[in-house]
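# Fold and contact review
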Amino acid sequence: MQQSLPPDSQDTLLYRDDKPLPSARIAIDDLSLEIIAGPHKGMKLPLRRESVLIGRGHWCDLCLENDFHSSKQHAELSLSEEGVLVRDLSSRNGITVNQVRVREAYLDVNATLTVGQSKMVLHAKPHKQQLELCYYDRSRQLVGQSPAMRKLFAQMERLGPMDFPVLLSGETGVGKTCIARAIHLQSERHKKPFVVVNCGAISPSLVESLFFGYEKGAFTGANKTHRGYFEQADGGTLFLDEIGELPLELQPRLLDVLEQGKVQRLGSESTQDVDFRVLSATHRNLLHEARAKTFREDLFYRLAVVTLKVPPLRDRAEDIPLLIDWLAQDWKLEQNVSLTPQALSRLQQFPWPGNVRQLRNVLKRSVVLASFEHDQSEAIQLDAEDIHLPSVEETLSLETSPTPETSTPPQSMGQTQPVGSLKDLLESTEKQALLNALNKHDWNVAASARSLDITRAWLYKRIKKYGFEPPESV
């Protein structure tokens, strides 16, 4: 295991080339769809994927581009040992199975499915086929065995070669940057730059110069020519993380660059052609913000040609064993590390408001603390009590942070208490924990903050809030 992760994989981790990639196989009927009526009559599609998209979008497995009564993503087929489940994807005109309007239903062999003006029938051959369930994405950047992640991997594989914008929606820490990188690596632009811009971490006064670049002498301090993010991403992919934080006044200019493919540096009288694919990410509900006029609606639709929702970790606890194994492949420790079933169960029951990033930090902290009690030659086995989960206050703070509207609320960690008593309990526990850490480290604020895994600024605020005073001898 590495003690520090590569800067481009802080949310999720790269699966090593020499590590066998996880997968499974199931036996299902050898099936196909044939369109028997409509603009695409005669088209056939063998069903070889676990998830099959039907719609007018060019990324769909069964592309009905001339059927203008179908939506871009109209319906999805899910193949499993139980059969073929068809589901309407909130399309304009819905779907029918054997002339009955449904939202989702299992398709029998020879059943008819109508999507838009296209009528199709499900055929089966007399033998079975082996369907591989891949627990990783095609670029080998991500891992997960939950149905939600397998569906995401299939969507990424379809969208990778398509050169249009994709918006990633999901909570902080789910790994949106790594998902964007994986899409880039599956595109024709994979040998060109992948430029990551955190829109929420840029000073408003620097946004324009950083995005558009500037000529030498354009303003005081401009001692040399600087290529902006748009130019840096030329030929490759520009990933705009936390796009919802982009200042409203800059959004029209971003839209102009996306539509015209030209950029003008500050202090320059000429424009330059730029060619890049834009991927973006947010933890906000941008559609609601666009309708509320707090985000430009035209820019939203330009960025969200397709939206991928990244599931929170608490909704896919079955992925945690794979993620742990994945982490263990990338860290470098002298000892072998393993978890007892009780430790794994404790990790799977935690709601993970900070998602994969928080899981990585918890595991790292637990391993480091456990290593102090072992010789370097000894293997480390983490039991339930060795897992150092965040405090109640940290968990509540993260759980109440803004999340996408579609996210599932975290489950309760225990019995409910009246708000007042819970607040008193939290403050009392916090006070004691802070004082214990400060006294243990002789009131060295930096060391105390590190031991509690909090920032110095946060600890200083709490010292002021509670009126703590160091002993005179300190």
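From a predicted model like this one, the values you see are computed outputs, not experimental measurements.

On a plain count of helices and strands, the protein comes out with 14 helices and 20 strands. Of the contacts made within the protein by residues no fewer than 6 positions apart, 66% connect residues no fewer than 24 positions apart. Per element, the accessible surface of the protein, about 24500 Å² overall, is 48% carbon and sulfur.

With that settled, the discussion passes to helix H10 (residues 355–371). Taking 1.5 Å as the rise per residue, H10 with 17 residues should run 24 Å; its terminal C-alpha atoms sit 24 Å apart, in good agreement. Residues of H10 that are buried: Asn355, Val356, Gln358, Leu359, Arg360, Val362, Leu363, Ser366, Val367, Ala370 and Ser371.

The next subject is the pairing of strand E12 (residues 166–169). Of the two faces of E12, the one carrying Val166 and Leu168 and the one carrying Leu167 and Ser169 are both buried. Summarising the sheet, E12 and strand E17 (residues 277–282) pair through four bridges and their orientation is parallel. The partner of Leu168 across the bridge, within E17, is Ala281. Pairing geometry for E12 and strand E18 (residues 306–309), over four bridges, is parallel. Bridged to Ser169 within E18 is Lys309.

The subject of this paragraph is the sheet that holds strand E2 (residues 44–46). The antiparallel open sheet is built from six strands, whose spatial order is E2-E1-E11-E10-E7-E8. Sheet topology places E2 and strand E8 (100–102) at the edges, where each strand pairs with a single neighbour. Here the strands of the sheet are splayed against their neighbours by 30° on average, with no regard to which way each runs. With 13 bridges joining them, strand E1 (residues 23–37) and strand E11 (residues 118–134) adopt antiparallel strand pairing.

Here we come to the pattern of salt bridges. The final tally for this structure, using the stated rule, is 19 salt bridges. Its salt-bridge partner being Glu50, residue Arg150 comes within 2.4 Å of it at the nearest N-O pair. You can see Arg150 sitting in helix H1 (residues 147–159) and its partner Glu50 sitting in the loop between E2 and strand E3 (51–55), a full 100 residues away along the chain. Sharing partners across several salt bridges, the network here consists of Arg49, Asp61, Glu157 and Arg158.

Turning to unusual backbone geometry, a few remarks are in order. For Asn110, which is not glycine, the phi torsion reads 75° and is therefore positive. Mapped onto the fold, Asn110 is located in the loop between strand E9 (104–107) and strand E10 (112–115). A positive phi angle, close to 50°, is found at Glu242, a residue other than glycine. Inspection of the secondary structure assignment puts Glu242 in the loop between strand E14 (237–241) and helix H5 (251–260).

With that settled, consider the side chain of Ser209. One can find Ser209 in helix H3 (residues 207–212). For Ser209, the side chain forms a polar contact with the main-chain oxygen of Leu206, separated by 3.1 Å. Those residues in contact with Ser209 that sit more than four places away from it in its chain are Tyr214, His226 and Leu266.

So, about the confidence of the model for the protein. Across the protein, the average pLDDT comes to 84, with 85% of residues at 70 or higher. For the protein, helix H11 (residues 392–399) is the element with the lowest average pLDDT, namely 51, and E10 is the one with the highest, namely 98. The low-confidence segment residues 1–17 (pLDDT under 50) makes 53 contacts with residues lying over four places distant or belonging to another chain.

Counting buried positions along E3 gives five out of five residues, so the element sits mostly inside the fold. As paired strands, E3 and strand E5 (residues 75–80) are joined by four bridges and run antiparallel to one another. Note on E5: the bridge partner recorded for Leu53 is Glu76.

Under the definition given, this model contains eight aromatic pairs. Between Phe212 and Phe230 the ring centres are 5.2 Å apart and the planes differ by 75°, which places this aromatic pair in the edge-to-face class. Of this pair, Phe212 sits in helix H3 while Phe230 sits in helix H4 (residues 229–232); the two residues are 18 residues apart in sequence, bridging distant segments of the chain. The interplanar angle of 70° and the centroid separation of 5.1 Å between the aromatic rings of Phe300 and Tyr301 together place this pair among those described as edge-to-face. Accessibility expressed as a relative area gives 8% for Phe300, which makes it buried.

Rules used throughout
- Residues numbered from 1 in each chain as written.
- Predicted model: local features only at pLDDT ≥ 70, side-chain atom pairs only at ≥ 80, totals over all residues.
- Heavy atoms only, no water.
- Helix = DSSP H or I, 4+ residues; strand = E, 2+ residues; numbered from the N terminus.
- Contact = heavy atoms within 4.5 Å.
- Areas by Shrake-Rupley, 256 points an atom, 1.4 Å probe, with all protein chains shown as cover.
- Expected span 1.5 Å × (residues − 1).
- Buried < 20%, exposed > 50% of the residue type's maximum accessible area, 1.4 Å probe, protein only.
- Pairing = 2+ DSSP bridges.
- Axes fitted to C-alpha atoms, helices over the stretch in contact; angles between N-to-C directions.
- Salt bridge = Lys/Arg side-chain N within 4 Å of Asp/Glu carboxyl O.
- Polar contact = N/O pair within 3.5 Å; in protein donor to acceptor, adjacent residues only side chain to side chain.
- pLDDT = per-residue confidence, 0-100.
- Phe/Tyr/Trp six-rings, centres within 6.5 Å; stacked < 30°, edge-to-face > 60°.

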